[in-house]
Amino acid sequence: APEEAPAAAPRERVRVAVRVRPLTEGAKRATACAKNKLKLKTAHDEKAFKFDVVFDEAATQDRVYAHTAQKLVERVFDGRNATIMAYGQTGSGKTYTMGEPLDMLSSSGDGVIARALQDVFERCRALKDC
């Protein structure tokens with residue numbers, strides 16, 4: 001009898017999320033955001049780009065984490081690998097999104113890394129309690 005092929009691994013791909021940072025004082029709006037689309041306006045034209053998710057300047061740290069990294073952290077406990085990275089020019093908000101809160105007295109500003117570590121440690125504690 002012919003051997004059965006091994007079950008196919010679920011399809012995986014790189015997901016790209018974009019976060020538009022709040023405008024600095026005196027800056028002009030050059031973007032328009034939709035669920036997964038971003039329009040950039042220049043002095044000469046307008047270009048539209050499509051991503052997996054686009055966060056506008058009102059997006060909270062919690063919302064960004066929940067829609068980008070939280071499921072990846074869960075998958076680590078299923079034996080999977082995950083990578084989360086931030087890319088952008090200087091001053092675009094990478095440290096704010098990924099790093100420490102500006103207000104050290106509140107966890108609401110915690111970035112992706114702090115939230116991921118908190119979830120990992122909570123999960124480890126829960127596994128030890130079982």
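Structure: see above.
All values derive from a computational prediction rather than experimental measurement.

Caption draft 1: The arrangement of a positive patch on the surface in detail. A cluster of basic residues, K37, K39, K41 and K50, forms a positive patch at the surface. Among the elements that make up the positive patch, the one with the highest residue count is strand β3 (residues 37-41) (3 residues). Following the sequence through the fold, K37 ends up in strand β3. Judged by relative accessible area, K37 falls into the partly exposed class, the value being 45%.

Caption draft 2: Structural detail: the sheet that holds β3. The strand order β2-β3-β4 describes an open sheet built from 3 strands, whose pairing is antiparallel. Both edges of this open sheet fall to β2 (31-33) and β4 (46-50), since each of them pairs with a single strand only. With direction set aside, neighbouring strand axes in the sheet form an average angle of 15°. Of the pairings in the sheet, the one linking β3 to β4 comprises 5 bridges and is antiparallel in character. In the sheet register, K39 faces β4, and the bridge partner there is A48.

Caption draft 3: Summary view of the side chain of T97. Tracing the backbone through its elements, the reader meets T97 in helix α3 (residues 94-98). Setting aside chain neighbours within four positions, we find T97 in contact with R19, Q61, V64, G111 and V112.

Caption draft 4: Highlighting the pairing of β3. In this sheet, β3 lies alongside β2 in antiparallel orientation, the contact comprising 3 bridges. Looking at the pairing, A32 lines up with K39 of β3. Between β2 and the antiparallel strand that follows it, β3, lie 3 residues. In sequence, β3 turns back onto β4 through a hairpin of 4 residues.

Caption draft 5: Focus on the environment of M85. Among the secondary structure elements, M85 is positioned in the loop between α2 (70-76) and α3. A residue is classified by how much of its surface remains accessible, and M85, at 66% relative accessible area, is exposed. Between the C-alpha atoms of M85 and I113, which are 28 residues apart in sequence, the distance is 9.9 Å.

Caption draft 6: Structural context of helix α1 (residues 61-68). Residues of α1 that are buried include every one of Q61, V64 and Y65, and no others. The arc that holds the buried residues of α1, viewed along the axis, is 95°, so those residues lie on one side.

Caption draft 7: Layout of the nonpolar core. Core analysis: the biggest nonpolar cluster contains 10 residues, these being V53, F55, A59, V64, Y65, A69, V73, M98, V112 and A116. Those elements giving two or more residues to this core turn out to be β5 (53-55), α1 and α4 (112-129). Apart from residues no more than four positions distant in its own chain, V73 is found in contact with Y65, A116, D119 and V120.

Quick notes on the rules
- Residues numbered from 1 in each chain as written.
- Predicted model: local features only at pLDDT ≥ 70, side-chain atom pairs only at ≥ 80, totals over all residues.
- Heavy atoms only, no water.
- Patch = residues over 30% accessible without salt bridge, like charges linked within 9 Å, V, L, I, M, F, W, Y side chains within 5 Å.
- Areas by Shrake-Rupley, 256 points an atom, 1.4 Å probe, with all protein chains shown as cover.
- Salt bridge = Lys/Arg side-chain N within 4 Å of Asp/Glu carboxyl O.
- Lys, Arg positive; Asp, Glu negative; His and termini not counted.
- Charge placed at Lys NZ, Arg CZ, Asp CG, Glu CD.
- Helix = DSSP H or I, 4+ residues; strand = E, 2+ residues; numbered from the N terminus.
- Buried < 20%, exposed > 50% of the residue type's maximum accessible area, 1.4 Å probe, protein only.
- Pairing = 2+ DSSP bridges.
- Axes fitted to C-alpha atoms, helices over the stretch in contact; angles between N-to-C directions.
- Contact = heavy atoms within 4.5 Å.
- Arc of directions from axis to C-beta.
- Core = buried A, V, L, I, M, F, W, Y, C linked by side-chain atoms within 4.5 Å.

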